[in-house]
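Topology and contacts: notes
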Amino acid sequence: MKQTLRLFTVALFAGAITLGGYKFFVEDGTVTIPEANATPSFIPTNFSSEAASTNIDFTEAAEKTVHAVVHVKNTTVSKQPTNVLEYFSGGGTPRAMVGSGSGVIITPDGYIITNNHVIANASQLEVTLNDNKIYPAELIGTDPKTDIALIKVESDEDLPYVPFGDSNNLQIGEWVLAVGNPFNLTSTVTAGIVSAKARDLNQFDGNPQSFIQTDAAVNRGNSGGALVNTRGELIGINTAITSETGSYVGYSFAVPSNNARKVIEDIMEFGNVQQGILGIRGSNLNSKSAKQFGVEETQGVYVAGIERGSGADKGGIKAGDVIKKIDGYDVGKFSDLTGYIGSKRPDDVVAVTILRDGNEKVIPVTLIKLETYEIDYLGLEVKNASTTDLKDRGQSRGVIVTKALTRDIAQYNLAGVLITEINNQKISNIDDVKRVMSQRDFKAPIKMTFVNQNDETNTFIFR
């Protein structure tokens, strides 16, 4: 009994001490820490309790978007050769193949933006909405360079659509949603943040890219789907992933909405893409290249050369200048510059901030029209031939090969030749090249007739 009473007294005394300690440390709901236990000054203490308690809600953005992202089915009919003769002649047995991807309704009357590779070589296009309504779709136009395509469906009622946002204002670390149909799983929403901007996946392919990079999960079937911000605005078209397995491993890439919007507006208004160019040859800067070029800057675009007669030439940009900004947006690398220019048209005026001899200068530059075209299948870039080019070759029509884009084609030394026919169709300008290439069966051989620098006419067949 005495032992029990003694234990009870000890417990009561301990409780009193605990209560007193609590009252000492806590007063009116505020935790008070004695000065002796204060956080050392060398540890950062700029934590925001408001930021830590912020709850990001994606439900509104998902609700606004999911009904406007569609499933796109592409039926392609190609000829499968059954013998050696059919293989070389391009004949064979017709066979239908079905592919799928995603698309985003951008107007209530049924215009849909998607990727070019989703609808490439389609014999038939079909679109399924989130409410399971199915519509046949018409191809309006494509731009293989940006991998953007525009299709349209006809509906008796207004369709849900996603409004465009301004991708130039997108911030690294900003939350985004990817909406699409991966693995035929319709209406799938994933979340992530913007990991990087102006990402060029291959700096040596002759086709500068400027993707938005995110860690929102994107897989096969997501291509052509929406990348939206938390307000439900379209800020990108999901296009690619980097993966050794073919499935998502951490990063995905989207065409910025400003570039995609410009492409489809050009297609709707002009029937093709009106690409403006600055008219410079440049390269990225780093410590090594800065030392080589004799400049102190390690960020920006070093101007290695100027195209004669271009906007840069007329505006006064010179070789050796370093481009730091364009229209007030920072230019840290070449893809920052090409990505922004890709959202502009010929005759648009941009303000280029350059660094010359240690001094900054803002130069207004009028963009000129791009007069070249890439024949992706052949790996050749061509431009419209001038009157002098045609006269020198004794020809009345044709396009000039400006450069080879792959090592395989470079071995044939075709730079400078005048292409006069493709697949027995006469070629007068790059629009003719686009038309012929868009009409061909993607597995059929290409017959190209050209005049070389010695005025000799030759014909190559590419398979």
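For the structure, check the block above.
Note that the structure is a prediction, hence the values are computed from the model and not measured. (Residues numbered from 1 in each chain as written. Predicted model: local features only at pLDDT ≥ 70, side-chain atom pairs only at ≥ 80, totals over all residues. Heavy atoms only, no water.)

Points about the pairing of strand β29 (residues 457-462)
- Of the pairings in the sheet, the one linking strand β28 (residues 446-451) to β29 comprises six bridges and is antiparallel in character. Directly across from I446, in β29, lies its bridge partner F462.
- Between β28 and the antiparallel strand that follows it, β29, lie five residues; D455 among them carries a positive phi value of about 65°. (Pairing = 2+ DSSP bridges. Helix = DSSP H or I, 4+ residues; strand = E, 2+ residues; numbered from the N terminus.)

Description of the nonpolar core
- Formed by 41 residues in total, the largest nonpolar core has its most connected members in I106, V127 and L234.
- Residues contacting L234, with those up to four places away along its chain left out, are V104, I106, V162, P163, F164, G165, A226, L227, V228 and S257.
- In this structure, I375, V399, I430 and F450 belong to the second largest nonpolar core, which totals 21 residues. (Core = buried A, V, L, I, M, F, W, Y, C linked by side-chain atoms within 4.5 Å. Buried < 20%, exposed > 50% of the residue type's maximum accessible area, 1.4 Å probe, protein only. Contact = heavy atoms within 4.5 Å.)

Comments concerning unusual backbone geometry
- A positive phi is found at A198, a non-glycine position, where the angle reads about 55°.
- When you line up the elements, A198 lands in strand β10 (residues 188-199).
- Owing to a relative accessible area of 8%, A198 belongs among the buried residues under this scheme.

Side note on the sheet that holds strand β13 (residues 234-241)
- Taken in spatial order, the six strands of this closed barrel run β9-β10-β11-β14-β13-β12, and their pairing is antiparallel. Averaged over all adjacent pairs, the angle separating strand axes in this sheet is 45°, with direction ignored.
- Of the strand pairs in this sheet, strand β9 (residues 175-180) and strand β12 (residues 226-229) are connected by four bridges, and their pairing is antiparallel. Counterpart to V179 in the pairing with β12 is A226. (Axes fitted to C-alpha atoms, helices over the stretch in contact; angles between N-to-C directions.)

Points about the pattern of salt bridges
- With the rule as written, the count across this model stands at 14 salt bridges.
- It is possible to trace a salt-bridge network through shared partners that takes in R261, K262, E265, D266 and R345. (Salt bridge = Lys/Arg side-chain N within 4 Å of Asp/Glu carboxyl O.)

Describing the pairing of strand β26 (residues 418-422)
- Most of β26 sits out of view: four of its five residues are buried.
- Where strand β25 (residues 399-404) lies against β26, two bridges are found, and the strand directions are antiparallel. Bridge assignment links I400 to a residue of β26, and that residue is L418.
- Where β26 lies against strand β27 (residues 425-426), two bridges are found, and the strand directions are antiparallel. When the sheet's bridge partners are listed, I422 is paired in β27 with Q425.
- From the end of β26 to the start of β27, which pair antiparallel, there are two residues, and N423 there has a positive phi angle of about 55°.

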